[in-house]
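Structural overview
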Amino acid sequence: MKLRFSDRELNFLVGINALILVVATVLSKGDFLDVYNFQSMGGQLPELGLLAMGVALSMISGNGGIDLSGVALANLAGVVAATLAPQLAAPDASPWLYTGWFAAIALAVGLAGGLLNGVLIAKAGLTPILCTLGTQLLYTGLAVVLTGGSSLRVGDAEALSAIGNEMVLGVPIPFVIFLVMLLAVGWLLRQSPFGIRLFLLGTNAKAARYAGISQARMLIATYALCGFLAAVAGVIIAARTASVKSDYGNSYLLIAILITVMAGVRPQGGYGRMVCLFFSAVALQLLSSTFNLLGISNFFRDCAWGLLLLFFLAYGRFGLQDLRIFLSTSRSSAPPHQLPPGATQRNPEG
């Protein structure tokens, strides 16, 4: 019988979390374990976690799939909602109605943007990375046009502010939303026909086609879901910061991809676990908070994220065992020592 703890990727991520937690606690002399610190991290993590879930779904679909437009779409969803919602309900007079309109508009924009990505990839045959890079610029440009390049203040509605800043039983509401979405997507991947088809499509597109699975329909649905998750992140960002910007979270895309790769999601497609993505996101948030504790500059953090991304890409592609085999093979196949011209090989027995 296969042990529940036989997942090396999950064990590795749990160990990384424990190591970071111990190091941060020692360096802070116990201050890192303060409840307020964990609540603060719980309020910041969902934005990155939701964006990473979108990146993971696009990777699982295979064919070199990746969604680079998530951050731009999250910003655009918040900008459009902040522009249209006040025209439908007054934030001070009808805070709940305003919050409902704000969330509905943002989610609709996210779904529309995700559908556009999916149609361009599935129907027009565009390469996912180039397509979503183009729509990233499109969504950012639209947000710049709507805001004039400056930040846009979100209406002062208590219900919307509560989504980003209040707590339930001591747990930040954004973190609760993130967990709900994580469990829903995890169930969708593992228990629903959609998840089975998506994994098969990412593993072997030809076999999926022979099995009667519509690749175009699956890709459109997958990228629409990615857009929805980006819009949820956009609502949380707007609620937490009380403003929206066209260029919010410039480094979020790199970190979202890093979280996904650390979680063991294969860029080739066909594999990914939401529980691993959860621990990967937590590890990055713990590490970021540790950098804050040590006063490390943002420039070094970006360098650290880039190095970590390269390392985990190489680790996912080859693995440590393959690396050891490669090194041992290189040593055994090294050319013999070259003698100088005119010199002869001396027989050690003679």
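Since this is a predicted model, take the numbers as computed values, not measurements. (Residues numbered from 1 in each chain as written. Predicted model: local features only at pLDDT ≥ 70, side-chain atom pairs only at ≥ 80, totals over all residues. Heavy atoms only, no water.)

Summing up its helical and strand segments, the protein has 14 helices and 4 strands in all. With 350 residues in all, the protein has 46% of them scored as buried. Here the analysis covers contacts within the protein between residues at least 6 apart in sequence; of these, 76% occur between residues at least 24 apart. Looking at the protein as shown, the accessible area adds up to about 18300 Å², and 65% of this sits on carbon and sulfur atoms. (Helix = DSSP H or I, 4+ residues; strand = E, 2+ residues; numbered from the N terminus. Buried < 20%, exposed > 50% of the residue type's maximum accessible area, 1.4 Å probe, protein only. Contact = heavy atoms within 4.5 Å. Areas by Shrake-Rupley, 256 points an atom, 1.4 Å probe, with all protein chains shown as cover.)

Phi angles above zero are rare outside glycine, and Leu169 is one such case at about 55 degrees. Its location among the elements puts Leu169 in the loop between strand 2 (167-168) and strand 3 (171-172). Look at Leu169 and you get exposed, because its relative accessible area is 85%. Phi at Ala242 takes a positive value of approximately 60 degrees, unusual for a residue other than glycine. As for its position among the elements, Ala242 is in the loop between helix 10 (215-241) and strand 4 (243-244).

On to the packing of helix 3 (residues 70-88) against helix 10. The contact between helix 3 and helix 10 brings their axes to 8 Å, and the two run at 55 degrees. One finds that helix 3 runs oblique with respect to helix 10. As for how helix 3 packs across helix 10, the hand of that crossing is right-handed. Contacts between helix 3 and helix 10 involve Gly70, Leu73, Ala74 and Ala77 from the first element and Gly227, Ala230, Ala231 and Gly234 from the second. The residue makeup of the contact of helix 3 with helix 10, split by class, is 5 nonpolar, 3 polar and no charged. (Axes fitted to C-alpha atoms, helices over the stretch in contact; angles between N-to-C directions. Parallel < 35°, antiparallel > 145°, perpendicular 65-115°, else oblique. Left-handed = near helix turned anticlockwise from the far one by under 90°. Nonpolar A, V, L, I, M, F, W, Y, C, P; charged D, E, K, R; others polar.)

Another aspect to go through is the packing of aromatic side chains. Overall, the coordinates contain 6 aromatic pairs when judged by the stated rule. The rings of Phe175, Phe178, Phe278 and Phe279 are connected pair by pair, giving a single aromatic cluster. (Phe/Tyr/Trp six-rings, centres within 6.5 Å; stacked < 30°, edge-to-face > 60°.)

Let's shift gears to the environment of Asp7. If you trace the backbone, Asp7 turns up in the segment before helix 1 (8-27). For Asp7, a relative accessible area of 16% puts it in the buried group. For Asp7 and Cys276, which are 269 residues apart along the polypeptide, the C-alpha to C-alpha distance reads 9.8 Å.

On to a nonpolar patch on the surface. A cluster of nonpolar side chains, namely Leu19, Val23, Leu27, Leu293 and Leu294, defines an oily patch on the protein surface of about 430 Å² accessible area. Tallying contributions element by element places helix 1 first for the nonpolar patch, with 3 residues. In this fold, Leu19 is placed in helix 1. (Patch = residues over 30% accessible without salt bridge, like charges linked within 9 Å, V, L, I, M, F, W, Y side chains within 5 Å. Salt bridge = Lys/Arg side-chain N within 4 Å of Asp/Glu carboxyl O.)

All right, on to the side chain of Thr260 then. Relative to the helices and strands, Thr260 is located in helix 11 (residues 252-262). Leave out the neighbours within four places in its chain, and Thr260 touches Ala52, Val55, Ala56, Met59 and Val265.

In this structure the tally under the stated criterion is 2 salt bridges. Here Glu47 makes a salt bridge to Arg240, at a shortest N to O gap of 2.6 Å. You can see Glu47 sitting in helix 2 (residues 35-60) and its partner Arg240 sitting in helix 10, a full 193 residues away along the chain. Judged by relative accessible area, which is 0%, Glu47 ranks as buried. A salt bridge links Asp247 to Lys245; its shortest N-O distance comes to 3.8 Å.

With that settled, consider the confidence of the model for the protein. Looking at the protein, pLDDT values average 83 and 87% of them are 70 or higher. Across the protein, helix 4 (residues 95-122) holds the top mean pLDDT of 94, while helix 14 (residues 319-332) sits lowest at 50. Overall, residues 336-350 carries pLDDT values under 50, and its contacts beyond four positions in sequence, including any with other chains, amount to 2 contacts. (pLDDT = per-residue confidence, 0-100.)

To continue, consider the nonpolar core. Ranked by internal contacts, the top residues of the largest apolar core, which has 98 residues, are Leu50, Met53, Phe102, Ile257 and Leu277. Residue contributions to this core peak at 15 residues, all from helix 10. Among residues more than four places away in sequence, those in contact with Ile257 are Val55, Met59, Ile66, Leu68 and Leu309. (Core = buried A, V, L, I, M, F, W, Y, C linked by side-chain atoms within 4.5 Å.)

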